[in-house]
Amino acid sequence: MVLNYIWVAFFLAAFLVAVGKSVFFGDLGIWGQIMGASFTSAANAFEIALGLTGVLSLWMGLMKIGERAGVIQMFGRLISPLFSRLFPGIPKGHPAMGSIFMNVSANMLGLDNAATPLGLKAMQEMQELNEKKDTATDAMLMFLILNASGLCFIPIGIMMYRAQAGAANPTDVFLPILLATFISTFVGIVAMCVKQRIRLWDRVMLSWLGGLALIVSGIVWLFSTMSNEEVELYSGFVANLLLFSVIMLFVVSGLRRRVNMYDAFIEGAKEGFKTAVMIIPYLVAILVAIGMFRASGAMDVITDGMIACANFIGMDADWIEALPTALMKPLSGSGSRGMMVDLMNIHGADAFVSRVSAAIQGSTDTTFYILAVYFGSVGVVKTRYAVPYALLADVVGSISGIVAAYIFFH
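Because the structure is predicted, anything quoted here is derived from the model rather than measured.

J.: Describe the side chain of Ser354, listing the residues and the values that go with them.
T.: With respect to the element layout, Ser354 can be found in helix H17 (residues 352-361). In this structure, Ser354 is in contact with Leu343, Met344, His347, Gly348 and Ala349, ignoring residues within four places of it in sequence.

J.: Tell me about the packing of aromatic side chains, and please be specific about residues and values.
T.: Counted under the stated rule, the structure contains 10 aromatic pairs. When the ring of Phe408 is compared with that of Phe409, the centres are 6.4 Å apart and the planes differ by 50 degrees; the resulting orientation is tilted. Judged by relative accessible area, which is 37%, Phe408 ranks as partly exposed. Looking at Phe409, the relative accessible area reads 21%, which means it is partly exposed. Among the aromatic residues, those joined into a cluster by ring pairs are Phe10, Phe293 and Phe368. Sitting over the ring of Tyr385, Lys195 keeps its end group 5.0 Å from the ring centre. In this structure, Arg355 is placed above the aromatic ring of Phe409, and the distance from its NZ or CZ to the ring centre is 4.6 Å.

J.: Describe the nonpolar core, with residues and values.
T.: Counting residues in each nonpolar core, the largest one holds 96 residues, and the members touching the most others are Phe87, Met126, Phe250 and Phe375. Not counting chain neighbours up to four residues away, the residues in contact with Phe87 comprise Met97, Ile100, Ala139, Met142, Phe143 and Leu146. Counting 14 residues, the second largest nonpolar core, distinct from the first, contains Trp319, Leu343, Phe352 and Ala405.

J.: Explain the packing of H17 against helix H19 (residues 386-409) to me, using residue names and the numbers behind them.
T.: Where H17 contacts H19, the axes come no closer than 8 Å and their chain directions differ by 140 degrees. Comparing the axis directions of H17 and H19 gives the class oblique. Our pair here, H17 against H19, has a crossing hand that is right-handed. Residue-level contacts link Phe352, Arg355, Val356, Ala359 and Ile360 of H17 to Ser398, Gly401, Ile402, Ala405, Tyr406 and Phe409 of H19. Across the contact of H17 with H19, the residue classes tally to 8 nonpolar, 2 polar and 1 charged.

J.: How would you summarise the packing of helix H2 (residues 30-68) against helix H12 (residues 261-278) if you had to cite specific residues and measurements?
T.: Two measures define how a pair of helices packs: the angle their axes make with one another and the distance between the axes. Running from amino to carboxyl end, H2 crosses H12 at an angle of 140 degrees, the nearest separation of the two axes being 6 Å. For the crossing formed where H2 meets H12, the hand is right-handed. Contact residues: H2 offers Ala49, Thr53, Leu56, Ser57, Leu58, Met60, Gly61, Leu62, Lys64, Ile65 and Arg68, while H12 offers Met261, Ala264, Phe265, Glu267, Gly268, Ala269, Glu271, Gly272, Phe273, Thr275 and Ala276. Among the residues forming the contact of H2 with H12, the class breakdown is 12 nonpolar, 6 polar and 4 charged.

J.: Could you give an account of the pattern of salt bridges, naming the residues involved and the relevant values?
T.: Following the criterion strictly, the structure yields 11 salt bridges and no others. Here Lys121 ties to Glu271 by a salt bridge, and the two come within 3.5 Å at their closest N and O atoms. Taken together, the residues Lys121 in helix H6 (residues 112-127) and Glu271 in helix H12 connect sequence positions 150 residues apart. As a salt-bridge pair, Arg355 and Asp350 come within 3.8 Å of each other at their nearest N and O atoms. Residues joined by salt bridges that share partners form a network here, namely Lys64, Arg68, Lys121, Glu267 and Glu271.

J.: If you had to explain the layout of surface pockets to someone new, which residues and values would you point to?
T.: Quantified by volume, the second largest pocket comes out at close to 790 Å³. The biggest single contributor to the lining of the second largest pocket is helix H10 (residues 203-224), with 8 residues.

J.: An account of unusual backbone geometry is requested, with residue identities and associated values reported.
T.: Even without being glycine, Arg258 reaches a positive phi, approximately 55 degrees. Inspection of the secondary structure assignment puts Arg258 in the loop between helix H11 (228-256) and H12. A positive phi angle, near 55 degrees, is found at Arg384, a position not held by glycine. Residue placement: Arg384 occurs in the loop between helix H18 (367-378) and H19. For Arg384, a relative accessible area of 34% gives the class partly exposed.

J.: Please give an account of the environment of Ser57 that cites residues and values.
T.: Relative to the assigned elements, Ser57 resides in helix H2. Residue classification places Ser57 among the buried residues on the basis of a relative accessible area of 15%. Through-space distance from the C-alpha of Ser57 to that of Glu267 is 9.3 Å; in sequence the pair is 210 residues apart. Apart from residues no more than four positions distant in its own chain, Ser57 is found in contact with Phe265, Ala269, Gly272 and Phe273.

J.: Describe in detail the environment of Phe101, supporting the description with residues and values.
T.: With respect to the element layout, Phe101 can be found in helix H5 (residues 95-108). Taking the relative accessible area as the measure of exposure, Phe101 reaches 19% and is therefore buried. Separated by 21 residues in the primary sequence, Phe101 and Ala122 place their C-alpha atoms 9.1 Å from one another. Residue contacts for Phe101: discarding those within four places in its chain leaves Phe75, Leu78, Ile79 and Phe83.

J.: Any chance you could break down a nonpolar patch on the surface for me, citing the residues and the numbers?
T.: A surface patch of nonpolar side chains, about 600 Å² in accessible area, is lined by Leu179, Ile183, Val395, Ile399, Val403, Ile407 and Phe408. Those elements that place two or more of their residues in the nonpolar patch are helix H9 (174-195) and H19. Tallying contributions element by element places H19 first for the nonpolar patch, with 5 residues. Its location among the elements puts Val403 in helix H19. Residue Val403 is classed as partly exposed on the basis of its relative accessible area of 43%.

Calculation criteria
Residues numbered from 1 in each chain as written. Predicted model: local features only at pLDDT ≥ 70, side-chain atom pairs only at ≥ 80, totals over all residues. Heavy atoms only, no water. Helix = DSSP H or I, 4+ residues; strand = E, 2+ residues; numbered from the N terminus. Contact = heavy atoms within 4.5 Å. Phe/Tyr/Trp six-rings, centres within 6.5 Å; stacked < 30°, edge-to-face > 60°. Buried < 20%, exposed > 50% of the residue type's maximum accessible area, 1.4 Å probe, protein only. Lys NZ or Arg CZ within 6 Å of the ring centre and 35° of its normal. Core = buried A, V, L, I, M, F, W, Y, C linked by side-chain atoms within 4.5 Å. Axes fitted to C-alpha atoms, helices over the stretch in contact; angles between N-to-C directions. Parallel < 35°, antiparallel > 145°, perpendicular 65-115°, else oblique. Left-handed = near helix turned anticlockwise from the far one by under 90°. Nonpolar A, V, L, I, M, F, W, Y, C, P; charged D, E, K, R; others polar. Salt bridge = Lys/Arg side-chain N within 4 Å of Asp/Glu carboxyl O. 1 Å grid on protein atoms, 1.4 Å probe; cavity = no way out; pocket = protein on both sides within 12 Å on 5 of 7 lines; lining within 4 Å. Points joined across faces, edges and corners; volume = space filled by probe spheres on them. Patch = residues over 30% accessible without salt bridge, like charges linked within 9 Å, V, L, I, M, F, W, Y side chains within 5 Å. Areas by Shrake-Rupley, 256 points an atom, 1.4 Å probe, with all protein chains shown as cover.

Right under this line is the structure:
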């Protein structure tokens, strides 16, 4: 229901802003821009789904091999102590646990192309346990928060964009991003646990969350001792080595169990193709609404208002030019990324506002894209409280990114 209201609000806001521009500024061309954006966004939605088809087929095929070889179940048992508490609605040993683990691991390594199909596989397995097929379960909501908060240890993409923009030290945003995304995920998990009445003071929960905090602290310390070139080299090396090692684990385990891996791969790939087709209407719905909202200038109205308020109260406004990245991040990954790159082109990659934008970009994932794709892949239309809690993680992540940028760069 919340997503329905937000979707309608995008259209209403775009219409009202366009009326204002036509009446008060004589801008009659705005209507053509908005309608043009609707057609472009619809085409982009199809292209995204088409681009996902190959990746989904690949990874769902590999996941089917891992499932028949028993590796997914092994991963499920490995993280069962923590996930059995975060996902009490999923039976112990269920394949969904292993798929969730694989998805979260891929996100942590910054491997978005792998994370999405693994997440869709997890959603399909959770849907098998869902008695109300059109309504999100508690487990699905917790899973969505883990994805929307976007915990990422290795933000390879952002460092690549900074290098292309001529940054003297492309990796200098690594530590601010790591801190921001960890805080966002931590707050998201805690808030969802409180909502679902999951015991936070459980000894296993405390040890796992505390251990994660120690891992983050260790990574911060380790990379702070490396040169810029070493950070960029080893971060990408570790991420891709671990991922390929998992694929080899699937293959070796399949050989040991005498699994017909080719047939298993084809069966999984067919499921990936069907999933890619299923999400097209959901992507078209959300991306068209966002595209029209952006084309109308409604986003500019919001950011201009924020700048005026900051100037009025005498607040430091150095970060406000990066605000469009924060506002666009939940709506469109490509849109927020484009705004980050635009700031780098205007001010330079090493300007403070460009670094703030990069920290915000890496702090969370694209909430509405995740909602549309993940829920759409299993036909869930009643998302319950997914939107406000995911947006909470987004707000916390953006604020953390801004504060971290001030700590490291201002």
